[in-house]
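Residue strings, one per chain:
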Amino acid sequence: MGAQQVADRFAELYGAGPEGVWAAPGRVNLIGEHTDYNDGFVMPFALPHQAVAAVSRRTDGVLRLHSADIGGDITELRLDDLAPGGDHDWTAYPAGVVWALREAGHEITGADVHLASTVPTGAGLSSSAALEVVIALALNDLYGLGLKGWRLARLCQRAENVYVGAPTGIMDQTASACCEAGHALFLDTRDLSQRQIPFDLAAAGLRLLVVDTQVKHAHSGGEYGKRRAGCEKGAALLGVDALRDIPYDGLDAALARLGDEEEVVRLVRHVVTENERVERTVALLRAGDPRAIGPVLTEGHASLRDDFRISCPELDLVVDTALAGGALGARMTGGGFGGSAIVLAEAADVETLTKSVEAAFAAAGLTAPRVFEAVPSAGARRLV
Ligand code: GLA
């Protein structure tokens, strides 16, 4: 989606060109799943797919929103009427950001917005975070709010948690706001410290495929919240602030203390081992050994499937088919219950692997998956 195209459409809709055009990407998470609301480690990278927004300020307390992807009329909202809760459509993401900014004391007097996004929705690739971050960045720049990086991400997370009502962590918004091309972001979600880890798979003769199973997921649905509540229960039973505080070498002792709390045992085991997998992945990449992360990704999938129990038959089919076809590693990515899997493979194997996953879906009578290569891309930025 070109900046000029979005700016031109803005001018048609609102009668004058925008003050600027911004972009914010979707993400895939390489490793570190369901660790962010446990103060743990994550390692996402930005996709080339992005939300692009043309925006101008207004002075009359009105927010006007239009999406190229949804079409239809311009939605007009009064800033003073914005309030969390209620039934929401896509406008809740930009409106929630405006609400969160104003609630944090930033003076926003209105905006005209036209948006277009290439991030697949409901695919576990953070299409909603991309929408939030692109609006937050545009308003930050236009209103001179001085918000950057994780501060911007925090406000977007608040929009999603409180305004939209989805109890998600901080990973997606931080990834969209802070990722850099050619790198994965090693993020400590406790203090939000960040390291950009060089992640140039092509140079190593490798590829990372994203396989969107086309099974739609929704985070405001109950299962995500149940897992989160279960993790909080685990932390409370173990007397720690967050599961992050259980060290990997203290896992067995912690599990023993949980006794017959079978479900909590599984959740805690996933979170603690997943944090260790992120640290192992970082160490392997720093040592220049990207092939060796394959088995770590696959271990992560088994943990999400068996302990955290958030995979689904379609995600398992991608992983099993890819591994049987010689992939180096594969796992589901994102919140789970559908969405996408990632497959790490030798460049030479990509075509065969793609065909075998497609064939497996066809044989099982499933909707054809969408397969594309993920190249670590730039985070949110102003385009014009
Ligand atoms: C969703 C949430 C994130 C994170 C992942 C699971 O993408 O938005 O905060 O919890 O699920 O890792």
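The structure displayed is predicted, hence computed values, not measured ones.

Undergrad: Could you give me a rundown of the overall build of the protein chain, with the residues and numbers involved?
TA: What the protein chain contains, in helices and strands, is 11 helices and 12 strands. Its C-alpha atoms give the protein chain a radius of gyration of 21 Å, within 12% of the compact-globule value 21 Å for 384 residues. Dimensions along the principal axes, computed over C-alpha positions, put the protein chain at roughly 60 × 50 × 40 Å. Taken across its 384 residues, the protein chain has 57% of its residues classed as buried. The long-range fraction of contacts in the protein chain, counting pairs at least 24 apart against all pairs at least 6 apart in sequence, stands at 72%. In the form shown here, the protein chain has an accessible surface area of approximately 14,700 Å², with 49% of it arising from carbon and sulfur atoms.

Undergrad: Before we move on, could you go through the domain arrangement of the protein chain and cite the residues and values that matter?
TA: Domain parsing of the protein chain yields domain 1 (3–196) and domain 2 (199–373). Placing a centre on the C-alpha atoms of domain 1 and another on those of domain 2 gives a separation of 26 Å. Contacts between domain 1 and domain 2 engage 38 residues on the former and 47 residues on the latter. At the boundary of domain 1 with domain 2, total buried surface from both sides reaches about 3,400 Å², with 63% on carbon and sulfur atoms. Note that Arg331 and Glu33 form a salt bridge whose closest N and O atoms lie 2.5 Å from each other. Every element with two or more residues in the side of domain 1 that touches domain 2 is listed here: strand 1 (20–31), strand 2 (41–57) and strand 6 (183–188). Ranked by residue count, the leading element in the side of domain 1 that touches domain 2 is strand 2, at six residues. The class makeup of the residues in the side of domain 1 that touches domain 2 is 16 nonpolar, 15 polar and seven charged.

Undergrad: An account of the sheet that holds strand 11 (residues 370–373) is needed here, citing residue identities and associated values.
TA: The antiparallel open sheet is built from four strands, whose spatial order is 9-10-8-11. Edge positions in the sheet fall to strand 9 (329–333) and strand 11, since each has one partner strand and no second. In this sheet, neighbouring strand axes are inclined to one another by 25 degrees on average, regardless of whether the strands run parallel or antiparallel. By the bridge criterion, four bridges tie strand 8 (residues 206–212) to strand 11 in an arrangement that is antiparallel. Looking at strand 11, one finds that Asp212 is bridged to Arg370. On the sheet, helix 10 (residues 313–324) packs against strand 8, strand 9 and strand 10 (340–346) and is oriented at approximately 170 degrees with respect to strand 9.

Undergrad: How would you sum up the packing of helix 6 (residues 222–238) against helix 8 (residues 262–286)? Please name residues and give values.
TA: A pair of packed helices can be characterised by two numbers: the angle between their axes and the separation between those axes. One can describe the packing of helix 6 onto helix 8 by two numbers: an axis separation of 9 Å at closest approach and a directional angle of 90 degrees. Here helix 6 is positioned roughly perpendicular relative to helix 8, judged by the angle of their axes. Contact residues: helix 6 offers Arg227, Gly230, Cys231, Lys233, Gly234, Leu237 and Leu238, while helix 8 offers Val264, Leu267, Val268 and Val271. Of the residues belonging to the contact of helix 6 with helix 8, the class tally is seven nonpolar, two polar and two charged.

Undergrad: I'd like a rundown of unusual backbone geometry, residues and numbers included.
TA: Backbone geometry at Gln214 places phi at a positive 70 degrees, although glycine is not the residue there. Position of Gln214 relative to the elements: it lies in the loop between strand 8 and helix 6. Under the relative-accessibility criterion, Gln214 is labelled partly exposed at 28%. Look at Arg309: it is not a glycine, yet its phi comes out positive at around 55 degrees. Within the fold, Arg309 resides in the loop between helix 9 (293–308) and helix 10.

Undergrad: So what's going on with the side chain of Arg27? Which residues, and what values?
TA: Checked against the element boundaries, Arg27 lands in strand 1. Within the structure, the side chain of Arg27 is placed 2.8 Å from the backbone oxygen of Gly124, a separation counted as a polar contact. At 3.2 Å, the side chain of Arg27 forms a polar contact with the side chain of Ser126. Residues in contact with Arg27, not counting those within four places in the same chain, are Pro44, Phe45, Ala46, Leu47, Gly124, Leu125, Ser126, Met171, Asp172, Ala175 and Gly334.

Undergrad: Kindly report on the pattern of salt bridges, identifying the contributing residues and their values.
TA: Scanning the model with the defined rule gives 27 salt bridges in all. Taking the shortest distance from any N to any O, the salt bridge between Arg58 and Asp60 comes out at 2.7 Å. Note on Arg58: relative accessible area 17%, which makes it buried. Of the charged contacts in the structure, one is a salt bridge between Asp306 and Arg305, with a shortest N-O distance of 2.8 Å. Look at Arg305 and you get partly exposed, because its relative accessible area is 31%. Each of Glu33, Glu274, Arg277 and Arg331 takes part in a single network of salt bridges with overlapping partners.

The rules we used
- Residues numbered from 1 in each chain as written.
- Predicted model: local features only at pLDDT ≥ 70, side-chain atom pairs only at ≥ 80, totals over all residues.
- Heavy atoms only, no water.
- Helix = DSSP H or I, 4+ residues; strand = E, 2+ residues; numbered from the N terminus.
- Rg over C-alpha atoms; globule rule 2.2 N^0.38 Å.
- Buried < 20%, exposed > 50% of the residue type's maximum accessible area, 1.4 Å probe, protein only.
- Contact = heavy atoms within 4.5 Å.
- Areas by Shrake-Rupley, 256 points an atom, 1.4 Å probe, with all protein chains shown as cover.
- Domains from an automatic or database assignment.
- Buried area = accessible area lost by both parts, 1.4 Å probe.
- Salt bridge = Lys/Arg side-chain N within 4 Å of Asp/Glu carboxyl O.
- Nonpolar A, V, L, I, M, F, W, Y, C, P; charged D, E, K, R; others polar.
- Pairing = 2+ DSSP bridges.
- Axes fitted to C-alpha atoms, helices over the stretch in contact; angles between N-to-C directions.
- Parallel < 35°, antiparallel > 145°, perpendicular 65-115°, else oblique.
- Polar contact = N/O pair within 3.5 Å; in protein donor to acceptor, adjacent residues only side chain to side chain.

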